[in-house]
Amino acid sequence: MKHEIEVLKEQYTASNRKRVQEESLRRKMHNEILELKGNIRVFCRVRPVLTTETNGKSTKDVTSDIQYPDDERKIILTQQSTTALGNTVPKIYPFAFDKVFQDNASQGEIFEDISQLVQSALDGYNVCIFAYGQTGSGKTYTMEGIPDDKEKIGMIPRAVKQIFLASKELEEKGWKYEMEGQYLEIYNETVRDLLGNGDLSKKHEIKHNLHTGKTSVTDTTVIKVHTPEQVHNLLKKAQQNRAVGATLCNERSSRSHSVFIFKLSGINSITEDTCEGTLNLIDLAGSERLSQSGATGDRLKETQAINKSLSCLSDVIAALANKEPHVPYRNSKLTYLLQNSLGGNSKTLMFVNISPLANNFQETICSLRFATKVNKCQIGTAKRSIKI
Ligand code: ADP
Ligand code: MG
């Protein structure tokens, strides 16, 4: 009996050791796969026409001519234009991204493609997922979805669910995680705490700790979460706070960026490894080009703030890709807030959401051009913020 117990004990220890080694290998390989795919990726998502948008006409009559060549990466828009001689000629606008999702793609299908990035945040990397596009193109639907409809819940609740499930599995391999959630809004270049008590006058300052590489925002609510339900409540509270803003300032949500920040710190009791990753999910302000000529006062200030912060985002990505010595993070609050999650140590995914409506054709082309610019950028190999 004694001998048998000894043998079993040894076998148990050996298989535990093997499991831990396998987990380290999995992390390494997972990261290599993502690096091969590129640390900056762009997905295009076309939303369907809503029943309220057809006004009794057929769907075809209200939509742009959008073709999807037999390749999941391409999208071609065509517009008929009239020449000086009065002839109608088609003008063709082809685009290619890392992936194109047609209007029938489900939230589940889309999540499949981003779940690897969520895993990376657990493995100790910083990840940013942006939704870019004009107001009404499906950014909030993609990020938050319809909360009470299981099929239609968005990327944020799906990511949270996956993190809880995966962290449970990692427990067997010695990992224990602490998770903290934060939800901020950036409006007119000022930060607001969406989990606070709704006090709009509170001032918040973004701070980076140069030694730890950690970012904090003063006087904001950070909630430690232990269950997916707690995160669900947190998201609900943020939504309510955003809605309050919306009535105070007509459609504020389309003119502000909202940033959900999920910090994951893990410690392995067997190997004594630690890792810290952050998952940032960002619903950007509407990208429609608002004319500055007619706007005055608050509206002009808002317009300028949005234009500036969106162009600053693409400048930062381009500077990182070109390995420029100076990256202009400080030029906008959004890039300053995300400084440690953009660049060398991180992975970025941008959804460019587009509307299929013919009325939105020009904005759609603008969004696709912006996304093409981002797609051309390739950020150097990401390093893991792990201390071994
Ligand atoms: P945005 O946040 O970019 O302003 P929304 O996410 O609010 O746009 O989307 C506008 C409308 O279109 C909403 O009514 C939303 O429910 C609907 N919608 C967006 N994307 C989809 C989709 N993929 N499937 C079904 N409905 C969608
Ligand atoms: Mg929205």
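Residues numbered from 1 in each chain as written. Chains lettered and ligands numbered in written order. Predicted model: local features only at pLDDT ≥ 70, side-chain atom pairs only at ≥ 80, totals over all residues. Heavy atoms only, no water.

(A) Looking closely at the packing of helix 3 (residues 107-122) against helix 5 (residues 155-171). The geometry of helix 3 relative to helix 5 is characterised by a closest axis approach of 9 Å and an angle of 50 degrees between their N-to-C directions. Between helix 3 and helix 5, the crossing angle belongs to the class labelled oblique. The two elements helix 3 and helix 5 meet at a crossing, and its hand is right-handed. Two secondary-structure elements touch here, helix 3 through Gln107, Gly108, Ile110, Phe111, Ile114, Ser115, Val118, Gln119 and Leu122 and helix 5 through Met155, Arg158, Ala159, Gln162, Ile163, Ala166 and Ser167. Considered class by class, the residues forming the contact of helix 3 with helix 5 number 9 nonpolar, 6 polar and 1 charged. (Axes fitted to C-alpha atoms, helices over the stretch in contact; angles between N-to-C directions. Helix = DSSP H or I, 4+ residues; strand = E, 2+ residues; numbered from the N terminus. Parallel < 35°, antiparallel > 145°, perpendicular 65-115°, else oblique. Left-handed = near helix turned anticlockwise from the far one by under 90°. Contact = heavy atoms within 4.5 Å. Nonpolar A, V, L, I, M, F, W, Y, C, P; charged D, E, K, R; others polar.)

(B) Broad picture of the site of ligand 1. Around ligand 1 sit Arg45, Arg47, Pro48, Leu50, Gln134, Thr135, Gly136, Ser137, Gly138, Lys139, Thr140 and Tyr141, and that is every residue in its neighbourhood. Glycine 138 has a polar backbone atom sitting 3.1 Å from an oxygen atom of ligand 1. A distance of 2.7 Å separates an oxygen atom of ligand 1 from a polar side-chain atom of threonine 140. Summarising the interface, the protein chains cover 72% of the accessible area of ligand 1, which totals 550 Å² for the free molecule. It is helix 4 (residues 139-143) that provides the largest number of residues to the shell around ligand 1, a total of 3 residues. Across the shell around ligand 1, the residue classes tally to 3 nonpolar, 6 polar and 3 charged. (Near = heavy atom within 4 Å. Polar contact = N/O pair within 3.5 Å; in protein donor to acceptor, adjacent residues only side chain to side chain. Areas by Shrake-Rupley, 256 points an atom, 1.4 Å probe, with all protein chains shown as cover.)

(C) The pairing of strand 7 (residues 175-187), seen in detail. Among the 13 residues in strand 7, 10 count as buried, and that is most of the element. Sheet topology places strand 7 next to strand 12 (residues 257-268); 12 bridges connect them, and they run antiparallel. What sits directly across from glycine 181, in strand 12, is phenylalanine 262. Where strand 7 meets strand 11 (residues 223-225), 3 bridges bridge the pair, whose relative direction is antiparallel. Residue pairing in the sheet places glutamate 180 in a bridge with lysine 224 of strand 11. Pairing geometry for strand 7 and strand 8 (residues 190-193), over 4 bridges, is antiparallel. Across the sheet, the residue bridging to leucine 184 is aspartate 193, located in strand 8. Counted between consecutive antiparallel strands, the loop separating strand 7 from strand 8 contains 2 residues, among which asparagine 188 sits at a positive phi close to 50 degrees. (Buried < 20%, exposed > 50% of the residue type's maximum accessible area, 1.4 Å probe, protein only. Pairing = 2+ DSSP bridges.)

(D) The state of the cysteines, seen in detail. The full count for this structure, using the stated rule, is 0 disulfides. Here cysteine 275 stays unpaired: no disulfide links it, and the sulfur of cysteine 128, its closest cysteine neighbor, is 17 Å away. (Disulfide = S-S within 2.5 Å.)

(E) Just unusual backbone geometry, in detail. The backbone of asparagine 55 shows a phi angle near 50 degrees, a positive value even though the residue is not glycine. Its identity as a non-glycine residue notwithstanding, asparagine 188 has a phi of 50 degrees, on the positive side. With respect to the helices and strands, asparagine 188 occurs in the loop between strand 7 and strand 8.

(F) Here's a closer look at the sheet that holds strand 4 (residues 88-96). Strand order in the open sheet formed by 3 strands is 2-3-4, with antiparallel pairing between adjacent strands. Bordering the open sheet on either side are strand 2 (65-67) and strand 4, each of which pairs with just one other strand. The mean angle between the axes of side-by-side strands here comes to 25 degrees, regardless of whether they run parallel or antiparallel. On top of the sheet, helix 9 (residues 361-375) reaches strand 3 (74-82) and strand 4; it is set at about 35 degrees to strand 4, its chief contact.

(G) Just the pattern of salt bridges, in detail. Per the counting criterion, the structure on display carries 17 salt bridges. Residues arginine 26 and glutamate 23 are paired through a salt bridge, measuring 3.0 Å at the closest nitrogen-oxygen approach. Placement of the pair is arginine 26 and glutamate 23 together in helix 1 (residues 2-37), with a separation of 3 residues, close to one helical turn. On the basis of relative accessible area, arginine 26 is assigned to the partly exposed category, the value being 27%. You can call glutamate 23 buried: its relative accessible area is 4%. Residue aspartate 149 pairs with lysine 152 through a salt bridge whose shortest N-O separation is 3.9 Å. (Salt bridge = Lys/Arg side-chain N within 4 Å of Asp/Glu carboxyl O.)

(H) Representation of the nonpolar core within the structure. Cys44, Ile75, Phe97, Phe130 and Leu342 are the most contacted members of the largest nonpolar core, which totals 51 residues. No other element matches the 9 residues that helix 7 (residues 297-321) contributes to this core. Ignoring anything within four residues of it in the chain, the contact list for phenylalanine 97 reads Val42, Cys44, Arg73, Ile75, Leu368, Ala371, Thr372 and Asn375. Ranked by size, the runner-up nonpolar core spans 42 residues in total, among them Val118, Tyr177, Val225 and Leu235. (Core = buried A, V, L, I, M, F, W, Y, C linked by side-chain atoms within 4.5 Å.)

(I) Focus on helix 9. Between the first and last C-alpha of helix 9 there are 21 Å, a value that for 15 residues agrees with the 21 Å anticipated at 1.5 Å per step. Where helix 9 is concerned, the buried positions are Phe361, Glu363, Thr364, Ile365, Ser367, Leu368, Phe370, Ala371 and Val374. Turning to helix 9, the residues buried within the fold contact strand 1 (40-46), strand 3, strand 4, strand 6 (126-132), helix 7 and strand 14 (346-354). (Expected span 1.5 Å × (residues − 1).)

(J) Inspection of the UniProt feature "binding site: ATP" (unreviewed entry) in the chain at higher detail. UniProt annotation of "binding site: ATP" (unreviewed entry) refers to Gly133, Gln134, Thr135, Gly136, Ser137, Gly138, Lys139 and Thr140 when read in the numbering used here. Tracing the backbone through its elements, the reader meets threonine 135 in the loop between strand 6 and helix 4. The contacts of threonine 135, once residues within four sequence positions are left out, are Ser254, Gly286 and Glu288. Here glutamate 288 takes part through its side chain, which lies 2.5 Å from a polar atom of the side chain of threonine 135. By the secondary structure assignment, threonine 140 is in helix 4. Overall, the relative accessible area of 38% leaves threonine 140 in the partly exposed class. When near neighbours in sequence (up to four residues on either side) are disregarded, threonine 140 contacts Gly145 and Asp283. (UniProt positions renumbered as here; feature names shortened; annotations may be inferred.)

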